[in-house]
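Structure assessment
The residues making up each chain are set out below.
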Amino acid sequence: LHHRCREHELCCTLSAGEAGLLADVRDRDVNEIARLCDVVHVDPGMRLSKQDTLGHECFVTAAGTASVAVNGDVIATVGSGDVAGEVSLLDHGPRTATVVATTPMTLVVFAPREFRTAMATYPRVARRVAIGLGARLRHADARITEVHR
């Protein structure tokens, strides 16, 4: 019963929001993906990742917000449906930012192997991750352009 409740919570959490990682994934695939991750609840002030350290997980924000800082400067906020920590898992390099919860959060957490499995097995997940990375790259490009004006 505990496993069933955990899986139900994961499925509900993963499916939340139109912009969520799994917003356009079929229900049966959501059930399978739910077996690859865990739901974690964190308090405000909890550091989710630290810049320049190796990443051991990535997370999808199901509820709440967190600040994203590079070299101590807050550059963005992540919220419902946003993925963070994936860059380190994709390229095996250090974290590119420090992420700190600013409100109570519910996170869907993927370990490296499970994240790679979700990306390889479910193309719609990989597409959502790519769209998120593209949006962040455009934001970074706009910031660079603004600084050089």
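Residues numbered from 1 in each chain as written. Predicted model: local features only at pLDDT ≥ 70, side-chain atom pairs only at ≥ 80, totals over all residues. Heavy atoms only, no water.

**Re the environment of Met119**
You can see Met119 is positioned in helix α4 (residues 112–121). By relative accessible area, which is 18% here, Met119 ends up buried. Taking C-alpha positions, Met119 is 8.4 Å from Val129, a pair spaced ten residues apart along the chain. Setting aside anything within four residues of it in sequence, one finds Met119 in contact with Leu90, Val125, Ala126 and Val129. (Helix = DSSP H or I, 4+ residues; strand = E, 2+ residues; numbered from the N terminus. Buried < 20%, exposed > 50% of the residue type's maximum accessible area, 1.4 Å probe, protein only. Contact = heavy atoms within 4.5 Å.)

**Overview of the packing of aromatic side chains**
Taken as a whole, this structure holds one aromatic pair when the rule is applied. Taking 6.4 Å as the distance between ring centres and 65 degrees as the angle between the ring planes, the aromatic pair formed by Phe110 and Phe115 counts as edge-to-face. The class for Phe110 is buried, based on a relative accessible area of 1%. (Phe/Tyr/Trp six-rings, centres within 6.5 Å; stacked < 30°, edge-to-face > 60°.)

**Remarks on the nonpolar core**
In terms of nonpolar packing, the biggest core is built from 17 residues, with Ile33, Phe110, Phe115 and Val125 touching the most fellow members. Only α2 (27–34), β3 (58–63), β8 (105–110), α4 and α5 (123–147) provide two or more residues apiece to this core. Phe59, Ala97, Met105 and Leu107 belong to the second-largest nonpolar core, a separate cluster that totals 13 residues. (Core = buried A, V, L, I, M, F, W, Y, C linked by side-chain atoms within 4.5 Å.)

**Some details on the pattern of salt bridges**
One pass over the structure, following the stated rule, counts three salt bridges. Put simply, Glu32 and Arg35 hold a salt bridge, and the shortest N to O gap is 2.8 Å. With a relative accessible area of 47%, Arg35 lands in the partly exposed category. (Salt bridge = Lys/Arg side-chain N within 4 Å of Asp/Glu carboxyl O.)

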